[in-house]
Amino acid sequence: MALARRFVILASVALAAAPALADTLTYRNARFGTSLSFPAEVFSDQMEAPANGDGMTWLSADGASLAVYASNNALNLSPTEFADQASQGQGEFEVTYRRVADDWVVLSGYEEGKIFYYRFEFGADSVIHAMLLKYPPTLRDKYDPLTGKLGSSLEGP
């Protein structure tokens, strides 16, 4: 009996200590079919949609931003060629992490005092689906764990 009560108490403590599950919003771009799921309470300020329908951007109250968009791979760049070109940022731009696969690219680093995380998925019909997360370095503990979850939810035909 004491063992069962101890289990109930430990389970209650564990549940109380577990973070609440966040409401997830899935954005789907009608023009390209790009989709991404993200915590709606973190990125709560949706910006105005661009006239061309390429994507959408959300802001957080603490200075982070999340953009989801797509574009045509008009130059038919391979993922490696694309990564080479995208790594040549202007101004205060430094790539500190780069990974290239057969159909995706991840670049991360610093741009104008913020950490950035780019993920590009090479889809059908020469479309590149993309997400861009930017956040202040002081919020690294909050946003670093989100990068993999966000990146793995990026999809497109």
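Each remark here, short or long, concerns the structure printed above.
Note that the structure is predicted; figures quoted are calculated from it, not measured.

Cut-off values and rules
- Residues numbered from 1 in each chain as written.
- Predicted model: local features only at pLDDT ≥ 70, side-chain atom pairs only at ≥ 80, totals over all residues.
- Heavy atoms only, no water.
- Pairing = 2+ DSSP bridges.
- Helix = DSSP H or I, 4+ residues; strand = E, 2+ residues; numbered from the N terminus.
- Contact = heavy atoms within 4.5 Å.
- Axes fitted to C-alpha atoms, helices over the stretch in contact; angles between N-to-C directions.
- Buried < 20%, exposed > 50% of the residue type's maximum accessible area, 1.4 Å probe, protein only.
- Arc of directions from axis to C-beta.
- Salt bridge = Lys/Arg side-chain N within 4 Å of Asp/Glu carboxyl O.

Novice: Looking at this structure, I do not really get the sheet that holds strand β7 (residues 104-111). What am I missing?
Specialist: The pairing of strands in a sheet comes from backbone hydrogen bonds and takes either a parallel or an antiparallel form. The 7 strands lie next to each other as β3-β4-β5-β9-β8-β7-β6, forming an open sheet whose pairing is antiparallel. On the outer flanks of this sheet lie β3 (45-46) and β6 (93-100), each paired with one strand and no other. Each of β6, β7, β8 (114-122) and β9 (127-135) touches helix α2 (residues 79-86); the most contacted strand, β6, lies at about 170° to it. Against the sheet, helix α3 (residues 140-153) engages β5 (65-72), β7, β8 and β9, with an angle of about 170° to β9.

Novice: Can you walk me through the pairing of β9 in this structure?
Specialist: Each regular strand shows side chains that alternate between the opposite faces of the sheet. Where burial is concerned, most of β9 is hidden: 8 out of the 9 residues are buried. Here 8 bridges tie β5 to β9, and the two strands are oriented antiparallel to one another. By the bridge assignment for β9, Ser65 is matched with Lys134. In the sheet, β8 pairs with β9 via 8 bridges, with the strands oriented antiparallel. Of the residues in β9, the one forming a bridge with Tyr117 is Leu133. Two successive antiparallel strands, β8 and β9, enclose a turn made up of 4 residues, where Asp125 displays a positive phi of approximately 55°.

Novice: Would you take a moment to explain α2 for this structure?
Specialist: For an α-helix, 3.6 residues make a turn, and residues three or four places apart therefore share a direction. What α2 keeps buried is the set Pro79, Phe82 and Ala83. Seen from one end, α2 has its buried residues packed into an arc of 100°, which puts them on one side. For α2, the secondary structure elements touched by its buried residues are β6, β7, β8 and β9.

Novice: Would you mind going over unusual backbone geometry with me for this structure?
Specialist: Keep in mind that most residues, glycine aside, have a negative phi and that most peptide bonds are trans. Residue Asn76 is not a glycine yet carries a positive backbone phi of 50°. Position of Asn76 relative to the elements: it lies in the loop between β5 and α2. For Asn76, a relative accessible area of 54% gives the class exposed. Unusually for a residue other than glycine, Glu112 sits at a positive phi of about 50°.

Novice: Even after reading the chapter, I still don't get the pairing of β5, so can you show me in this structure?
Specialist: Across 5 bridges, strand β4 (residues 55-59) lies against β5 in antiparallel orientation. Residue pairing for β5: Trp58 is matched across the bridge by Leu66. Hairpin connection of β4 to β5: 5 residues between the antiparallel strands, including Gly63 at a positive phi of 105°.

Novice: Quick question: what am I supposed to make of the environment of Glu155 here?
Specialist: By secondary structure assignment, the location of Glu155 is in the segment after α3. For Glu155 and Phe120, which are 35 residues apart along the polypeptide, the C-alpha to C-alpha distance reads 9.6 Å. Those residues in contact with Glu155, other than ones at most four positions away along the chain, are Gly33, Thr34, Ser35 and His129.

Novice: Would you mind going over the pattern of salt bridges with me for this structure?
Specialist: Where charged atoms from two side chains of opposite charge come close, those side chains can pair. Across all of its chains, the model carries 6 salt bridges by this definition. The salt bridge partner of Asp54 is Arg31, with a shortest N-O separation of 2.4 Å. Placement of Asp54 in the loop between β3 and β4 and of Arg31 in the loop between β1 (24-28) and β2 (35-39) is noted, with a sequence separation of 23 residues between them. Accessibility expressed as a relative area gives 47% for Arg31, which makes it partly exposed. In this structure, the salt-bridge partner of Arg119 is Glu121, at a minimum N-O distance of 2.7 Å. In terms of burial, Arg119 and Glu121 fall into one category: buried.

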